[in-house]
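# Topology and contacts: notes
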Amino acid sequence: MVPAGLDKACANFQNEHVNPEKLALLSDGELHILADRMGLNLPEGLERLFVLEEILDALDEDSQERRLGQDGPGHVEEKKYSGAYPSFAIPAESSIPQRYNETMIRALPRDPSWVFAYWDISENKRAVLCPEDGDPGLFLRVSELSGAKDHQKRDYFDIPVSRDDCQWYINTPHPGARYRIDLCMHASVKAKVLAKSDEIRLPLQYMDANPDSLPQATRRLLLLSGCSELNIAAPRPSNPSRILPDGE
Amino acid sequence: MNKACLALVLNAHLPFVRKPEYQSFLEERWFFEALSETYIPLLRLFRKLETEAVPFKLSLVLSPTLTAMLGDRLLGERYAAYLANQIALGDAEAARTSGDAVFGPLAVMYADLYRQDLEDFEKTYERNILDGFDYFYKRGRIEVLTTGATHAFLPLYRDQPEAVAAQIETAIVAHRAAFGKHPAGFWLPQLGWYPGLGEILHSYNLKYTVATTRGALLGTPLPANGSFSPVRSPSGLTVFIRDAGATKAVWSETEGYPADPEYRDFYRDIGFDLQSGYIAPYLGSGLSRGYTGYKYWAITGHTDRKLPYKPVAAQARAAEHAKSFLADRRASARAAAAWMDNPPLMVCPYDAELFGHWWFEGPLFLEALFREAAKQSGDDSLDLVTLAEFDQKYPDQPQSEPEFSSWGEGGYAEVWLDGANDWVHRHSHKAVERMVELAERFPDESGLRERILNQGAREVLLAMCSDWSLMMRSGKSSSFARNQIEEAVSNFTKIYEMLCSNTVDTEWLTGLEKRNNPFPDINYRMFRPKR
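For every chain, the first residue of its written sequence is number 1, and the numbers climb from 1 along that sequence. Labels follow written order: the first chain is A, the first ligand is 1, and so on. Since the coordinates come from a predicted model, pLDDT governs what is reported: local features require at least 70, and pairs of side-chain atoms require 80 or more to be given and counted, while whole-chain, interface and lining totals use all residues. Water and hydrogen atoms were dropped before computing side-chain values, which therefore reflect all heavy atoms in the structure.

### A word on the pairing of strand β2 (residues 58-62) of chain B
Residues and elements named next belong to chain B.
- When a residue's accessible area, from a 1.4 Å probe over protein chains only, is under 20% of the maximum for its type it is buried; when over 50% it is exposed; and in between it is partly exposed. The way it works is that DSSP assigns letters per residue, a run of H or I at least four long becomes a helix, a run of E at least two long becomes a strand, and they are numbered from the N terminus. Where burial is concerned, most of β2 is hidden: five out of the five residues are buried.
- Residues Leu-58, Leu-60 and Leu-62 line one face of β2 and the alternating positions Ser-59 and Val-61 line the opposite face, and both faces are buried.
- Think of it this way: DSSP has to see at least two bridges between two strands before they count as a pair. Pairing of strand β1 (residues 5-12) with β2, which is carried by four bridges, proceeds in the parallel orientation. Within β2, the residue paired with Ala-12 across the bridge is Leu-62.
- The handedness of a crossover follows from its direction of travel: if, with the strands pointing away from the viewer, the path from the first strand over the helix to the second runs clockwise, the crossover is right-handed. Between the parallel pair β1 and β2, the chain is carried across by helix α1 (residues 29-51), and the sense of this crossover is right-handed.
- Two strands pair when backbone bridges link them, and β2 and strand β3 (residues 142-147) are joined in this way by four bridges, in the parallel orientation. Residue pairing in the sheet places Val-61 in a bridge with Leu-145 of β3.

### Focus: the sheet that holds strand β5 (residues 208-211) of chain B
Residues and elements named next belong to chain B.
- If you trace the three strands from one edge of the open sheet to the other, you get β5-β7-β6, paired in mixed fashion. The outermost strands of the open sheet, each flanked by one partner alone, are β5 and β6 (231-232).
- Inspection of the sheet shows β6 paired to strand β7 (residues 238-241) by two bridges, in the antiparallel sense. For Arg-232, the partnering residue across the bridge sits in β7 and is Thr-238.

### What to know about the interface of chain B and chain A
- Contact with chain B, which involves 85 residues of that partner, is made by 70 residues of chain A.
- The junction of chain B with chain A conceals about 7300 Å² of combined surface from both sides, 57% of it contributed by carbon and sulfur atoms.
- It is B:Trp339, B:Arg426 and B:Lys476 in chain B that bury the most area against chain A; as a group they hold 11% of the surface buried on that side.
- Salt bridges, as used here, are contacts in which a Lys or Arg side-chain nitrogen is within 4 Å of a carboxyl oxygen on Asp or Glu. At the boundary of chain B and chain A, one finds three salt bridges.
- In protein, a polar contact requires one atom able to donate a hydrogen and another able to accept it; more generally it is a pair of N or O atoms within 3.5 Å, and residues adjacent in sequence count only if both atoms are side-chain atoms. Linking chain B with chain A are 14 residue pairs in polar contact (both at pLDDT 80 or more).
- Mapped onto the side of chain B that touches chain A, the elements with two or more residues apiece are α1, α8 (213-217), α9 (244-251), α12 (311-337), α15 (423-441), α17 (466-474) and α18 (478-500) of chain B.
- Residue polarity is assigned by list, with Asp, Glu, Lys and Arg as charged and Ala, Val, Leu, Ile, Met, Phe, Trp, Tyr, Cys and Pro as nonpolar; anything else, Gly included, falls into the polar class. Here the side of chain B that touches chain A is composed, by residue class, of 37 nonpolar, 24 polar and 24 charged. The contact criterion used throughout is that any non-hydrogen atoms of two residues lie within 4.5 Å. The buried area of a pairing is the accessible area, by a 1.4 Å probe, that goes missing from both parts when the two are put together, added over both.

### Remarks on the pattern of salt bridges
- With the rule as written, the count across this model stands at 43 salt bridges over all chains.
- B:Asp120 is the partner of B:Arg47 in a salt bridge, and the nearest nitrogen-oxygen pair spans 3.3 Å. Residue B:Arg47 is found in helix α1, and its partner B:Asp120 is found in helix α4 (residues 103-124); the two are separated by 73 residues along the sequence.
- Under the relative-accessibility criterion, B:Arg47 is labelled partly exposed at 25%.
- Of the residues examined, B:Asp120 reaches a relative accessible area of 5% and is grouped as buried.
- B:Lys295 serves as the salt-bridge partner of B:Asp269, at 3.1 Å between the closest nitrogen and oxygen. Linking B:Asp269 in the loop between α9 and α10 (270-273) with B:Lys295 in the loop between α11 (276-283) and α12, this pair joins segments that are 26 residues apart in sequence. The same class applies to B:Asp269 as to B:Lys295, namely buried.
- Among the charged side chains, a network of salt bridges with common partners joins A:Arg99, A:Asp120, A:Glu123 and A:Arg126.

### Quick look at unusual backbone geometry
Residues and elements named next belong to chain B.
- Note that the residue after Thr-220, namely Pro-221, is joined by a cis bond; omega there is -10°.
- Along the chain, Pro-221 falls in the loop between α8 and β6.
- The phi dihedral of Glu-126 is positive, around 45°, even though this residue is not glycine.
- Inspection of the secondary structure assignment puts Glu-126 in the loop between α4 and α5 (129-138).
- Of the residues examined, Glu-126 reaches a relative accessible area of 65% and is grouped as exposed.
- With phi around 60°, Gln-190 is a residue other than glycine that occupies positive phi space.
- With respect to the element layout, Gln-190 can be found in the loop between β4 (186-187) and α7 (197-203).

Listed below in structure tokens is the structure:
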């Protein structure tokens, strides 16, 4: 029995106490959904016994990986939910709309090198522009904008997407730069823009200043603050002609 | 206060979990465990130090969702029942282990702790734990900071300033209702900062916050004192900076103090060691296995041969660690002071629930730290301060705008924008957008329509909670976390559709108001765009 509160619609499995009995209660279909969710690529028609084995192995492997990588504050913060059980759940049918029938795109900066974008195309537009049987030629145009006030594009690149895609993680080349993501489709020779995101700015990865140019006091205080461990001082450009070790 | 300063900051927060529709609910135990193992022990510690005239200073964040749960009558009743159950388990354990010189005393120790909790909860605080914190707040021993209403990760709402404002405004109203005064400090949920956030915080008359070392050191211009003094953001908000060394000493699960072999092992619990038939009646919620809080083993180290937990040895180790922590901070302060005009400050923020709940000896560590700090004298001793005290004493700080950052893994938004949880944002952003639209369309409602708009605002805030995304990413309670988001979005969507079609299902609304009842003074108009 799945207790109320643990999950109304899903079976949960304890990772640290792998529980074959609970797994055995699932139907073949549910086991395959579970395997899919865990990223296991199992051949069709694989015998139930082997499916169970694959899942148990993966749970065990995942548990070990988590134990090895548990030093970040995020991991530590999870400890407050000690009643929380590692779960690989069979997704219940969602009770919320999957889409909102609008044509839009939103971009969210994730870190210095990645943007997450999600988008949608309204039913009407989709019917006209994206026929079921044809390639609508959809793509994302990732434009790097030059400065805070200058909205002119400095450079751009395109990422082809399919009519079924609705989100993408975009690798961007320049930390600290401003970007805009447009949802576009090919129309004759020009690109037709369906939706534009707001302009976003990615965070910096490295400190702007060259540490060598800073006053000694600042350099010392940055070091004492943990600047080296955080790996935020820009790597020095390598100089192959340099033969003397640092400090000489 | 011209000596180097140390500011301890504890963030006490749990997401809102209250399920009156069930007789008992597993995830409500997070709150009960935190009460038993962290919040009540912290109050006990404060009382003890006050009685013995040991000075202590602490900045404590009490999140609005936690404040709501601490003041909730139903959860109070359920907590009392939880304690009775824990004591019953303790008595059973005492009987089972009687005659066992190693485990018998441990069973009695836990049962006694739960009895003490019950005594404090029922008699000392008459079920009102907030009053306990308010007592020390009013005496200036602690300061209480607020934080985002539902701990939303604010950088992901940067392009929806109404949502950020609603998180802040709701928090301030809840703080005023609980403590009768305007908060001066605002804890950034997950330490999530983005350039420009200071303007919104400052517009609500908030004076200071805390950011990560990474965010501060990547700030513009570069802060000349590193993390050893706060910076003033362009809006005038003071931004304190987390001390990286102090962070590692406590946070690191492998190298930090809590990993010491002498300490109690959090994972090894009789709920997994003993027969399920014996344990199940004490777990409730239909569970046959689970954490009970009765844990008899020490961490021991990398070996299969676990050693039993020895409380006296663990207490001594906590005292050693407190000394070592202070000695390291003193050394760090000495090194920094040589390059600074003003005394250096080290800000040490942690999640409160780790002290006692996960790190069982955490409250003992804090006690030893306060006692040790009180004993120190001389030029290199440290002054324990609250953030407010430091801000008042040293108002002139270098100007700088920290960079977008968080304390999550990776240092930015990786934890909350991940394949396991990225689907959330489409819905929470849409809910915010629709709530802004409703607040514009219905600026001055009263009666039933005001009630439904207020409930809509509550559901939007609940959908923004960052804890659910964290859980989905970790794989722990991920289906419960998913349900929480879906439920809030689904409730809001129904409210939106009712308002658009000019109908109200009063019975449904009343039921929902009773279930999801945080922030009784909420005002949906806070979602109106600021002009």
